[in-house]
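Each chain is listed here by its residues.
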Amino acid sequence: MAAVQNDFADKVAIITGAASGIGLATSKRLRSLGATVVMADVDEARGKTVAEEIGGEFVRLDVSDAGAWREVVDGICRRHGGLDIAFLNAGITTFSATGEQLIEGFEIGELPDDAYRRIMGVNVDGVVFGVRAVVPALETRGGGAIVATASAAGVIAFPPDPIYTMTKHAVVGFVRSLAPGLIAKHITLNAVLPGAVDTNILGAGFAEKAREMGIPMIDPAQIADGVVHAITEGTTGKLWLCLAGQDPAVYEFAPVEGLGIPTNVEG
Ligand code: NAD
């Protein structure tokens, strides 16, 4: 039984990367379902503006900062009485720091240290620190739901950005492996795996180029549908693929025989 069902009226949610794209679309959706939505982002200017527009509460949070996570979660619990839902969604590509687009011909020898540390901090540390900070708060509430944004690049090879691909594989492995241990706390932990979504992360002009290449671009609102589905569906440790024009569907790995342990842990 899901700790969070279709009634969001008394629910408190934190959404990271909420100033833009998928995080903003999901913030809007949860607000429209009646939740109290705390919109966390490093982009204060945009975050404050959009939070005001949709009736959310903006907090500045760099998800790669473990200490800041604790302060933000404590603050939410003080102001709103607790926390029920966490959508750990903030993410960047290896090229976000420079504003470059995803390009063919990734050169590993030219990967700057700071770009590497930055993407690992946001896409991997951000999810681990986030889960670590929110689990005790959800447990106090008697349960809750956590959803992390991975990517279709979490289960396929994506040569334009192998580092991004590695971070999203990390999120997939973390979610699948941690989820069973949270069942006793009545906390579900799932991931959404979007295809290409029309947001700022892709860089200026990319969406248009992608469409020309025949890549179907997804409206962020469709990913919000997938997130609500992952929150309310009741299962845990699932990878919800969200592809253009399709309902969210669970991605399953092939079982690995001969290890002597279950390789697809059911939750
Ligand atoms: P976006 O750029 O529109 O939004 C990302 C938001 O994260 C921005 O508001 C940004 O300010 C914020 N952010 C960046 N670093 C942060 C940090 N350290 N702390 C807090 N916030 C931070 O992009 P989006 O497409 O909405 O991305 C959301 C998630 O979806 C990411 O994890 C991304 O990897 C994933 N995703 C995107 C696509 C796509 O095609 N757009 C596909 C699959 C997965």
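Here the structure is a predicted model, which is why all the values come from computation and not from measurement. (Residues numbered from 1 in each chain as written. Predicted model: local features only at pLDDT ≥ 70, side-chain atom pairs only at ≥ 80, totals over all residues. Heavy atoms only, no water.)

### Some words on the overall build of the chain
The helix and strand tally for the chain stands at 7 helices and 8 strands. By the compact-globule yardstick of 18 Å for 267 residues, the chain fits well, its C-alpha radius of gyration being 18 Å. Expressed as lengths along the three principal axes of its C-alpha atoms, the size of the chain is roughly 55 × 50 × 35 Å. Contacts spanning at least 24 positions in sequence make up 66% of the contacts within the chain whose residues lie at least 6 apart. About 12300 Å² of surface is accessible on the chain, with carbon and sulfur atoms providing 53% of the total. (Helix = DSSP H or I, 4+ residues; strand = E, 2+ residues; numbered from the N terminus. Rg over C-alpha atoms; globule rule 2.2 N^0.38 Å. Contact = heavy atoms within 4.5 Å. Areas by Shrake-Rupley, 256 points an atom, 1.4 Å probe, with all protein chains shown as cover.)

### Description of the environment of Gly-237
Residue position: Gly-237 is located in the loop between α7 (220-232) and β7 (239-242). C-alpha of Gly-237 to C-alpha of Ile-183: the two residues are 54 residues apart in sequence and 9.8 Å apart in space. Setting aside chain neighbours within four positions, we find Gly-237 in contact with Val-175, Arg-176, Ala-179, Leu-189 and Asn-190.

### Looking at the site of the ligand
Taken together, 29 residues surround the ligand, and among them Ser-20, Asp-41, Tyr-164, Val-197 and Thr-199 come closest. A distance of 2.7 Å separates an oxygen atom of the ligand from a polar atom in the backbone of Val-197. A distance of 3.3 Å is found between an oxygen atom of the ligand and a backbone nitrogen or oxygen belonging to Ile-201. Isolated, the ligand exposes 840 Å² of accessible area, and the fraction of that covered by the protein chains is 92%. Contributing elements (two or more residues each) for the shell around the ligand: α1 (21-32) and α5 (162-182). (Near = heavy atom within 4 Å. Polar contact = N/O pair within 3.5 Å; in protein donor to acceptor, adjacent residues only side chain to side chain.)

### With respect to the sheet that holds strand β8 (residues 249-250)
Within the open sheet, the 8 strands sit side by side as β3-β2-β1-β4-β5-β6-β7-β8. Their pairing is mixed. Two strands close off the open sheet at either side, each with one partner strand: β3 (57-60) and β8. Pairing between strand β5 (residues 144-149) and strand β6 (residues 187-194): 6 bridges, direction parallel. Paired with Gly-144 across the strands is Ile-187, a residue of β6. Where helix α4 (residues 113-140) meets the sheet, its contacts fall on β1 (12-16), β4 (85-88), β5 and β6, and the angle it forms with β5 comes to roughly 170 degrees. (Pairing = 2+ DSSP bridges. Axes fitted to C-alpha atoms, helices over the stretch in contact; angles between N-to-C directions.)

### As for the pattern of salt bridges
Counting across every chain of the model gives 9 salt bridges. With a shortest N-O distance of 2.3 Å, Asp-225 and Arg-29 are connected by a salt bridge. Within this pair, whereas Asp-225 is found in helix α7, its partner Arg-29 is found in helix α1, the two being separated by 196 residues in sequence. For Asp-225, a relative accessible area of 38% corresponds to the partly exposed category. We note a salt bridge from Arg-60 to Glu-44, for which the minimum N-O separation is 3.7 Å. Taken as a pair, Arg-60 in strand β3 and Glu-44 in helix α2 (residues 44-54) lie far apart in primary sequence, 16 residues in all. For Arg-60, a relative accessible area of 46% gives the class partly exposed. Connected through salt bridges with shared partners, the residues Glu-44, Lys-48 and Arg-60 form a single ionic network. (Salt bridge = Lys/Arg side-chain N within 4 Å of Asp/Glu carboxyl O. Buried < 20%, exposed > 50% of the residue type's maximum accessible area, 1.4 Å probe, protein only.)

### A look at the packing of aromatic side chains
Under the criterion given, the structure shown has 2 aromatic pairs. With 5.3 Å between their ring centres and 90 degrees between their planes, Tyr-251 and Phe-253 make a pair best called edge-to-face. (Phe/Tyr/Trp six-rings, centres within 6.5 Å; stacked < 30°, edge-to-face > 60°.)

### Here we look at helix α3 (residues 66-80)
With 15 residues, α3 extends 21 Å from end C-alpha to end C-alpha; this agrees with the ideal 21 Å at 1.5 Å per step. Buried residues of α3: Ala-66, Ala-68, Trp-69, Val-72, Val-73, Gly-75 and Ile-76, and no others. Buried residues along α3 sit in contact with β1, β2 (36-41), β3, β4 and α4. Regarding α3, its N-cap is Asp-65, as a side-chain oxygen of that residue lies 3.1 Å from the backbone nitrogen of Gly-67 further along. Positive phi appears at Gly-81, one or two residues downstream of α3, with a value of about 85 degrees. (Expected span 1.5 Å × (residues − 1).)

### Points about the nonpolar core
In this structure, Ile-14, Trp-69, Leu-83, Leu-88, Val-134 and Ile-146 are the most contacted members of the largest nonpolar core, which totals 50 residues. Here the element with the most residues in this core is α4; it accounts for 10 residues. Apart from the residues lying within four places of it in its own chain, the contact partners of Val-134 are Ile-14, Trp-69, Val-73, Leu-83, Ala-86 and Ile-146. Of all hydrophobic cores here, the second largest spans 29 residues; its members include Met-39, Val-50, Ile-54 and Phe-58. (Core = buried A, V, L, I, M, F, W, Y, C linked by side-chain atoms within 4.5 Å.)

### Comments concerning a nonpolar patch on the surface
On the surface, Val-256, Leu-259 and Ile-261 cluster together to form a nonpolar patch covering roughly 300 Å² of accessible area. Here Val-256 is to be found in the segment after β8. Judged by its relative accessible area of 48%, Val-256 is partly exposed. (Patch = residues over 30% accessible without salt bridge, like charges linked within 9 Å, V, L, I, M, F, W, Y side chains within 5 Å.)

That is the geometry; function is a separate question.
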